[in-house]
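One-letter residues, chain by chain:
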Amino acid sequence: MKFMILNGPNINMVGIREKSIYGTMNFENIIAYIKDEANKRNIDVECYQSNHEGDLVDAIQRAYFEHMDGIVINPAAYTHTSVAIADAIKAISPIPVVEVHLSDIKQREEFRHHSYCAPYCIEQVKGHGPLGYIMAMDILIKNVEEKL
Ligand code: DQA
């Protein structure tokens, strides 16, 4: 199985930005942790981070054309604004997508409560910090195995 792990704007600043919300593990270490856990599960992962909306749309489309088995995405602030990313996720169904947030967006400012992407994702994992990416991979593995 191969999964695309996508991170949106400012996720590369985790470990520096708002540590009381996002924790102290830096982005490089989060990616190393994801790769390590993917390895243990025999999953290939491609990890990509961008601060630009269109780059994330391109990456979602690429996952489709390269026949990847699933996507884990933390769209970051674009969660709450981007119809383009939501449309891209919808466009590539039936490739399963799991939305991840380090923080619990439902417990934060009102504008973070709504996700344009969530209706097109099989699940939303929030508030578990970096572990959320691993939980999301496990959800994808289960989803893919169920379809075999
Ligand atoms: C986030 C939550 C978003 O509201 C915020 O804009 C982020 C990170 C999270 O991982 O908790 O940048 O997606």
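Residues numbered from 1 in each chain as written. Predicted model: local features only at pLDDT ≥ 70, side-chain atom pairs only at ≥ 80, totals over all residues. Heavy atoms only, no water.

Caption draft 1: Quick look at the overall build of the chain. Helix and strand counts for the chain come out as five helices and five strands. Starting at the N terminus and ending at the C terminus, the chain contains elements arranged as β-α-α-β-α-β-α-β-β-α. What you see for the chain is a C-alpha radius of gyration of 14 Å, in line with the 15 Å of a compact globule of 148 residues. Dimensions of the chain, computed from the C-alpha atoms along their principal axes, are close to 40 × 35 × 25 Å. Contacts spanning at least 24 positions in sequence make up 76% of the contacts within the chain whose residues lie at least 6 apart. Carbon and sulfur atoms make up 49% of the accessible area of the chain, which totals about 7500 Å². When the 14 basic and 20 acidic side-chain charges of the chain are each reduced to a single mean position, those positions are 3 Å apart. (Helix = DSSP H or I, 4+ residues; strand = E, 2+ residues; numbered from the N terminus. Rg over C-alpha atoms; globule rule 2.2 N^0.38 Å. Contact = heavy atoms within 4.5 Å. Areas by Shrake-Rupley, 256 points an atom, 1.4 Å probe, with all protein chains shown as cover. Lys, Arg positive; Asp, Glu negative; His and termini not counted. Charge placed at Lys NZ, Arg CZ, Asp CG, Glu CD.)

Caption draft 2: Representation of the sheet that holds strand β1 (residues 2-7) within the structure. Judged by pairing direction, the sheet is parallel, and its five strands sit side by side in the order β2-β1-β3-β4-β5 without closing on themselves. Each end of this open sheet is capped by a strand with a single partner; those strands are β2 (44-49) and β5 (123-126). Each strand axis lies, on average, 20° off the axis of its neighbour in the sheet, ignoring direction. In this sheet, β5 lies alongside strand β4 (residues 97-101) in parallel orientation, the contact comprising four bridges. Its bridge partner being in β5, V100 is matched across the sheet by V125. Contacts from helix α2 (residues 27-40) reach β1 and β2, with the element oriented near 160° to β2. (Pairing = 2+ DSSP bridges. Axes fitted to C-alpha atoms, helices over the stretch in contact; angles between N-to-C directions.)

Caption draft 3: Looking closely at the site of the ligand. In the vicinity of the ligand, 13 residues are found, and the nearest of them are N74, H80, H101, L102 and S103. Within the side chain of H80, a nitrogen or oxygen atom sits 2.7 Å from an oxygen atom of the ligand. With respect to the ligand, the side chain of S103 contributes an N or O atom lying 2.6 Å from an oxygen atom. The protein chains hide 98% of the 320 Å² of surface that the ligand would expose on its own. The pocket occupied by the ligand, as judged from atoms lying within 2 Å of grid points, is the largest pocket. A class-by-class count of the residues in the shell around the ligand yields six nonpolar, four polar and three charged. (Near = heavy atom within 4 Å. Polar contact = N/O pair within 3.5 Å; in protein donor to acceptor, adjacent residues only side chain to side chain. 1 Å grid on protein atoms, 1.4 Å probe; cavity = no way out; pocket = protein on both sides within 12 Å on 5 of 7 lines; lining within 4 Å. Sits in = over half its atoms within 2 Å of the grid points. Nonpolar A, V, L, I, M, F, W, Y, C, P; charged D, E, K, R; others polar.)

Caption draft 4: Highlighting the layout of surface pockets. Considered as a void within the structure, the largest pocket measures approximately 160 Å³ in volume. Along the walls of the largest pocket sit 15 residues, with R17, Y22, A76, A77 and R112 positioned nearest its centre. Broken down by class, the residue content of the lining of the largest pocket amounts to seven nonpolar, five polar and three charged. (Points joined across faces, edges and corners; volume = space filled by probe spheres on them.)

Caption draft 5: Spotlight on helix α4 (residues 83-91). Along α4, the residues classified as buried are I85, A86, A88 and I89. Buried positions in α4, seen along its axis, are confined to an arc of 160° and lie on one side of it. In the core, the buried residues of α4 are packed alongside α3 (53-65), β3 (70-74) and β4. Sitting at the amino-terminal end of α4 is S82, which places a side-chain oxygen 3.4 Å from the backbone nitrogen of A84. (Buried < 20%, exposed > 50% of the residue type's maximum accessible area, 1.4 Å probe, protein only. Arc of directions from axis to C-beta.)

Caption draft 6: Broad picture of the nonpolar core. Within the largest apolar cluster, 25 residues are counted, with the highest numbers of intra-cluster contacts made by F3, I5, I34, V72, Y133 and M137. For this core, the elements supplying multiple residues, two or more each, are β1, α2, β4 and α5 (131-147). For this core, the leading source of residues is α5, giving eight residues. Residue contacts for F3: discarding those within four places in its chain leaves I43, D44, V45, E46, M68, D69, G70, M137, L140, I141 and V144. One finds L56, I60, M68 and A88 within the second-largest nonpolar core, a separate group that totals 19 residues. (Core = buried A, V, L, I, M, F, W, Y, C linked by side-chain atoms within 4.5 Å.)

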